[in-house]
Amino acid sequence: LGASAVAVPAAGLLVSATRGKVDTVGRVAFTNRVQAPPLAPSRIDAAGRRVFDLRVRTGRREFVPGRPSATWGIDGDYLGPTLRARRGERVLVNVTNQVGETTTLHWHGMHLPPEMDGGPYQPIRPGATWSPTWTIDQPAASLWYHPHPHGRTARHLYRGLAGMFLVDDAPVPGLPHRYGVDDVPLIVQDRRLVDGRLDPDEPMSGTTGFLGDQLLVNGVLGPYLEVTTTRVRLRLLNGSNARVFNFTFADGRAFAQIASDGGLLRAPHTTRQVQLAPGERAEIVVTVAPGERAVLRSVAPATGAGFVQRDGGSDRFDVLELRAAARLAPSPGLPARLADVPAIPARTAVRTRTFELAEHQINGRKMDPGRIDAHVLRDTTEIWDVRSGDGTLHSFHVHDVQFQVLSVDDRRPPPHLAGWKDTVLLPPGTRMRLIMRFDDYADPHRPYMFHCHMLYHEDQGMMGQFVVLERGQPPAPPPSPGLRQ
Ligand code: C2O
Ligand code: CU
């Protein structure tokens, strides 16, 4: 190891950051037990709503024992609890801001009215409580939440503000579903620790934004997960600012991908890798043998990423060790069919819009609160034709809707992109046609966002706004002031 090697002896982790490349394969000592994030407590109020209370606050976390870091968290020091609600339920979330800086909390992947979305137009000032309420109206899915303040999303997420929001629907027999036992969300984030402490400044590296040299899973460095059943369901979230992961197992074992961002796939997809851009999720089911240890690894992403993530062109990370107990409770076999995912026919689209992501802009324009980029009509279907136009990776995300990928460079999408999505990795030069329906929540005054989920790009202005209008409703002037925070 060269002079730039960083030793973190307490965690047994040794990382070579020489020449900006990171290779932790075989170097991570999995000494810290990781568990599912705690479930957020909830109650049912007199109106029948499921009520959650969340406090966004500052904290202190020892990622490495004896080296406390200043962090932010939701009801904890770092990250937040898992919210959980059933389709059809009405929820109310009281979010109190105790970080002393204006922030927001956005429900990523949720179909909900624009004023409940938690984007830049719903700032929560220091000391204030914001109380969005909406009815869960979408299939079972692993959604998540994170701040979205105008121009500051990268910083707030980096400090630790993020958590899962699981939507439940009719149970699917055969799928592992015991939270924290055989059904475990894993929030994977790269971070930089200096001397074992989280660098509070979200240091920049290159054109994609922050790339860290160490991995946290649910906020734990050098993590292992105890497995007590023959199959375990992992709900993977790439909660990084800019890093793309390409998850595999060190022994090359196959696993089943069962869900993408917005819900279950039609059928389990057997694969050996799953690639996730920032903001994307995948649920996988892994089979383990008694007593074995299986290492989840991220290898150089298959498409494009090595080309762009210059600091980490050949980056390989050991992510997590699965530790199977000597005796495992048997799990049922996976069902052959998981969910109905009715294809949205291309011929139902009333229009196609093109979006080129390049140079921190979309279609040559930076985010401008004074401009609405797209007026869409309620009860219509549109095709959004998106591509990366600058030789850089982007991660394209649309609020309010779950879309389907119609085509990738004019070919049918691969199986892992065949279900509901709200975020897609756009490799350089790749063109994707996304089809989406706008069924609800017309409001000429309140925009939803679409943007790159590489948070540096987003904060730099690679974002636009759309409003949903009723047929015949005239566009309103944009709600321009108020985003300065
Ligand atoms: Cu996860 Cu507009 O973001
Ligand atoms: Cu981008």
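Residues numbered from 1 in each chain as written. Chains lettered and ligands numbered in written order. Predicted model: local features only at pLDDT ≥ 70, side-chain atom pairs only at ≥ 80, totals over all residues.

K.L.:
Sorry, what's going on with the overall build of the protein chain here?
P.N.:
Helix and strand counts for the protein chain come out as three helices and 37 strands. Its C-alpha radius of gyration of 21 Å places the protein chain within 12% of the 23 Å reference for a compact globule of 485 residues. When its C-alpha atoms are laid out on the principal axes, the protein chain stretches across 65 × 50 × 50 Å. Of all 485 residues assigned to the protein chain, the portion counted as buried reaches 51%. Long-range contacts, defined here as pairs at least 24 residues apart, represent 77% of the contacts in the protein chain between residues at least 6 apart. (Helix = DSSP H or I, 4+ residues; strand = E, 2+ residues; numbered from the N terminus. Rg over C-alpha atoms; globule rule 2.2 N^0.38 Å. Buried ≥ 20, exposed ≤ 12 C-beta atoms within 10 Å, placed from the backbone. Contact = placed C-beta atoms within 7 Å.)

K.L.:
Would you explain the sheet that holds strand S7 (residues 83-86) in this entry?
P.N.:
Whenever strands of a sheet pair, they do so through backbone hydrogen bonds, lying parallel or antiparallel. Ordered in space as S7-S13-S12-S9, the four strands form an open sheet in which the pairing is mixed. In the strand order of this sheet, the two ends are held by S7 and strand S9 (106-108), each with one partner. Geometrically, the sheet is characterised by an average inter-axis angle of 25° between neighbouring strands, direction not taken into account. As defined by bridge partners, strand S12 (residues 141-146) adjoins strand S13 (residues 163-168) across five bridges and the pair is classed as antiparallel. Its bridge partner lying in S13, Leu143 is registered against Phe165. (Pairing = 2+ DSSP bridges. Axes fitted to C-alpha atoms, helices over the stretch in contact; angles between N-to-C directions.)

K.L.:
Please clarify how the domain arrangement of the protein chain should be interpreted in this entry.
P.N.:
Reports of interface size often rely on the accessible area that becomes lost once the parts have come together. Domain annotation for the protein chain reports domain 1 (43-168), domain 2 (174-329) and domain 3 (346-469). Contacts between domain 1 and domain 2 engage 23 residues on the former and 27 residues on the latter. Mapped by element, the contributors of at least two residues to the side of domain 1 that touches domain 2 are strand S5 (50-64), strand S6 (67-74), S12 and helix H1 (153-158). Residues that form the side of domain 1 that touches domain 2 fall into these classes: 14 nonpolar, six polar and three charged. (Domains from an automatic or database assignment. Nonpolar A, V, L, I, M, F, W, Y, C, P; charged D, E, K, R; others polar.)

K.L.:
Before we go on, may I ask you to explain the sheet that holds strand S24 (residues 274-276) in this structure?
P.N.:
Pairing is mixed in the open sheet, where six strands are placed in the order S3-S19-S27-S26-S21-S24. Looking at strand neighbours, the two that pair on one side only are strand S3 (32-33) and S24, the edges of this open sheet. Relative to strand S26 (residues 293-298), strand S21 (residues 245-249) runs antiparallel, the two sharing three bridges. Bridge assignment links Thr248 to a residue of S26, and that residue is Arg297.

K.L.:
Looking at this structure, I do not really get unusual backbone geometry. What am I missing?
P.N.:
Of all residues except glycine, most have a negative phi; of all peptide bonds, most are trans. In this model, Asp195 sits at a positive phi of 60°, which is unusual for a non-glycine residue. Looking at the secondary structure, you find Asp195 in the loop between strand S15 (193-194) and strand S16 (197-198).

K.L.:
Mind showing me how you'd approach the pairing of strand S27 (residues 317-329) here?
P.N.:
For a regular strand, side chains alternate in direction, first toward one face of the sheet and then toward the other. Across five bridges, strand S19 (residues 223-229) lies against S27 in parallel orientation. Residue pairing for S27: Val227 is matched across the bridge by Ala324. As paired elements, S26 and S27 share six bridges and run antiparallel to each other. Residue pairing across strands places Arg297 opposite Asp318, the latter belonging to S27.

K.L.:
Got a minute to help me understand the pairing of S13 in this structure?
P.N.:
Of the strand pairs in this sheet, S7 and S13 are connected by four bridges, and their pairing is parallel. Each residue of the ladder has a partner; that of Arg86, found in S13, is Asp168.

K.L.:
Just to check I follow, could you spell out the environment of Thr153 for this structure?
P.N.:
Along the polypeptide, Thr153 turns up in helix H1. A C-alpha to C-alpha distance of 10.0 Å links Thr153 and Gly119, two positions 34 residues apart in sequence.

K.L.:
How should the UniProt feature "domain: Plastocyanin-like" (unreviewed entry) in the protein chain be read in this particular structure?
P.N.:
According to UniProt, the "domain: Plastocyanin-like" (unreviewed entry) feature falls on residues 59-170 and 349-469. Along residues 59-170 the backbone is 5% helical and 42% strand, and the end-to-end C-alpha distance reaches 37 Å. Each end of residues 349-469 is marked by a C-alpha atom, and these two atoms are 16 Å apart; helix forms 5% of the span and strand 49%. (UniProt positions renumbered as here; feature names shortened; annotations may be inferred.)

K.L.:
I tried to follow the nonpolar core on my own but got confused; where do I start?
P.N.:
Where a protein is soluble and globular, its nonpolar side chains tend to be buried together. If you look at the biggest cluster of nonpolar residues, it comprises 127 residues, and the most contacted ones within it are Val217, Leu322 and Leu434. Looking at which element gives the most residues to this core, the answer is S27, with six residues. Ignoring sequence-local partners within four residues, the contact set of Val217 consists of Val34, Leu186, Ile187, Val188, Pro223, Val319 and Leu320. (Core = buried A, V, L, I, M, F, W, Y, C linked by C-beta atoms within 7 Å.)

K.L.:
Quick question: what am I supposed to make of the confidence of the model for the protein chain here?
P.N.:
The predicted coordinates ought not to be read in detail in places where the model reports low pLDDT. Scored by pLDDT, the protein chain has a mean of 91; 91% of the residues are at 70 or more. Within the model, pLDDT remains below 50 along residues 1-19, and this stretch shows 42 contacts once partners closer than five positions in the same chain are excluded. Contacts for the low-pLDDT stretch residues 303-313, under 50 throughout, to residues beyond four places or in other chains number 29 contacts. Across the whole predicted complex the pTM is 0.94, and at the interface the ipTM reaches 0.98. (pLDDT = per-residue confidence, 0-100.)

K.L.:
Would you mind going over the environment of Leu79 with me for this structure?
P.N.:
Here Leu79 lies in the loop between S6 and S7. For Leu79, a count of 28 C-beta atoms within 10 Å translates into the label buried. Expressed as a C-alpha distance, the spacing of Leu79 and Phe247, which sit 168 residues apart in the sequence, is 22 Å. Ignoring any residue separated from it by four or fewer positions in sequence, one finds Leu79 in contact with Pro37, Gly73, Gly160, Ala162, Gly163, Ile187, Asn218 and Gly219.

K.L.:
When you look at the environment of Arg27 in this model, what are you seeing that I'm missing?
P.N.:
Residue placement: Arg27 occurs in the loop between strand S2 (13-15) and S3. For Arg27, a count of 16 C-beta atoms within 10 Å puts it in the partly exposed group. For the pair Arg27 and Phe317, spaced 290 residues apart in the sequence, the C-alpha separation amounts to 9.1 Å.

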